[in-house]
Amino acid sequence: MSRIGKQPITVPAGVKIDISGQMITVTGKKGKLVRTIQPEVEVVCDGNIININNKTEGKTVNAFRGLTRSLVNNMVVGVEEGFKKVLLIEGVGYKANVAGNNLTLNVGYSSPVEFAVPSDVTASIEGNNRIVLESIDKELLGLIAAKIRQVRKPEPYKGKGIRYEGEHIVRKVGKSGSKK
């Protein structure tokens, strides 16, 4: 039984919801998001409250209901406040630069890695080792952050690499730490 799907979504002032068939459009001060929802669920807007209802009963339909509720809620929060992810670069000589929509990463390879950031995501650098990504689309933001992290994952011995802010890297003991 979906508990998340049963919770109503409160729409803040200044956010406009437009539902036409299976398409939902959310417009706010930060931008506009459009999504096609599953045909098994329906989105009902009553004033400033959005409810997600099942068209039929079933386990998978309940899962779609909870998923749809989370996606619509992320759309509403995104156009109102936006989302932010911070990546940290750790290592001697590791750094990043932004020029337009291109992110240049110097992370220990023989040549710098060029990463094209989509126009929906804003990238900025604080210092040399802190990448701040901002977007109204939470799904796209997480995907781009994961792809940037994939360029050089943190290694377990010294922790060098690209990691999320607040991510805990489990460190291993090197050879000198294992004495008999």
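Here, the structure is the one placed above.
Conventions we followed
- Residues numbered from 1 in each chain as written.
- Predicted model: local features only at pLDDT ≥ 70, side-chain atom pairs only at ≥ 80, totals over all residues.
- Heavy atoms only, no water.
- Helix = DSSP H or I, 4+ residues; strand = E, 2+ residues; numbered from the N terminus.
- Rg over C-alpha atoms; globule rule 2.2 N^0.38 Å.
- Buried < 20%, exposed > 50% of the residue type's maximum accessible area, 1.4 Å probe, protein only.
- Contact = heavy atoms within 4.5 Å.
- Areas by Shrake-Rupley, 256 points an atom, 1.4 Å probe, with all protein chains shown as cover.
- Pairing = 2+ DSSP bridges.
- Axes fitted to C-alpha atoms, helices over the stretch in contact; angles between N-to-C directions.
- Expected span 1.5 Å × (residues − 1).
- Polar contact = N/O pair within 3.5 Å; in protein donor to acceptor, adjacent residues only side chain to side chain.
- Salt bridge = Lys/Arg side-chain N within 4 Å of Asp/Glu carboxyl O.

Moving on, we get to the overall build of the protein chain. The helix and strand tally for the protein chain stands at two helices and 13 strands. Radius of gyration (C-alpha) of the protein chain: 21 Å, far over the 16 Å computed for a compact globule of 180 residues. For the protein chain, the spread of C-alpha atoms along the principal axes amounts to about 65 × 45 × 25 Å. A total of 180 residues make up the protein chain; the buried ones form 34% of that total. Within the protein chain, residue pairs in contact and separated by at least 24 positions form 50% of the contacts whose partners lie at least 6 positions apart. Accessible surface computed for the protein chain: about 10700 Å², of which carbon and sulfur atoms make up 50%.

This brings us to the pairing of strand 12 (residues 130-135). Two elements, strand 7 (residues 83-90) and strand 12, share six bridges in a ladder whose sense is antiparallel. Looking at the pairing, leucine 87 lines up with isoleucine 131 of strand 12. Where strand 11 (residues 122-126) lies against strand 12, five bridges are found, and the strand directions are antiparallel. Looking at strand 12, one finds that serine 124 is bridged to valine 132. Between strand 11 and the antiparallel strand that follows it, strand 12, lie three residues; glycine 127 among them carries a positive phi value of about 70°.

Moving on, we get to the sheet that holds strand 9 (residues 102-106). Spatially, the three strands line up as an open sheet ordered 8-9-10, and their pairing is antiparallel. The two strands at the open ends of the sheet, each matched to only one other strand, are strand 8 (95-99) and strand 10 (113-116). In this sheet, adjacent strand axes meet at a mean angle of 20° when their direction is disregarded. As judged from the four bridges shared by strand 9 and strand 10, these two strands associate in the antiparallel manner. Bridge pairing in strand 10 places threonine 104 opposite glutamate 114. The strands touched by helix 2 (residues 138-151) are strand 9 and strand 10; relative to strand 10, the strand with the most contacts, the crossing angle is about 175°.

A word on helix 2. Residue pairs three or four apart in sequence face the same way in an α-helix, which turns once every 3.6 residues. Taking 1.5 Å per residue as the helical rise, helix 2 with its 14 residues ought to reach 20 Å, and the 21 Å between its terminal C-alpha atoms agrees with that figure. Every buried residue of helix 2 is accounted for by Leu140, Leu141, Ile144, Ala145, Ile148, Arg149 and Val151. Each element contacted by the buried residues of helix 2 is listed here: strand 7, strand 9, strand 10, strand 12 and strand 13 (161-164). Backbone nitrogen of glutamate 139 and a side-chain oxygen of the N-cap are separated by 3.3 Å at the start of helix 2; the cap is aspartate 137.

Under the defined criterion, the tally for this structure stands at seven salt bridges. As a salt-bridge pair, glutamate 90 and arginine 171 come within 3.6 Å of each other at their nearest N and O atoms. Separated by 81 residues along the polypeptide, glutamate 90 in strand 7 and arginine 171 in the segment after strand 13 bring together distant segments of the chain. Notably, a salt bridge pairs arginine 130 with glutamate 126, separated by 2.7 Å at the nearest N-O pair. The class for glutamate 126 is partly exposed, based on a relative accessible area of 39%. Among the charged side chains, a salt-bridge network with shared partners connects Glu90, Arg163 and Arg171.

It is worth spelling out the sheet that holds strand 5 (residues 41-46) at this point. One open sheet accounts for three strands, arranged 1-6-5; its pairing is antiparallel. Edge strands, defined here as strands with exactly one partner in the open sheet, are strand 1 (9-10) and strand 5. With respect to the sheet, helix 1 (residues 59-80) is in contact with strand 1, strand 5 and strand 6 (49-54), its orientation differing from that of strand 6 by roughly 160°.

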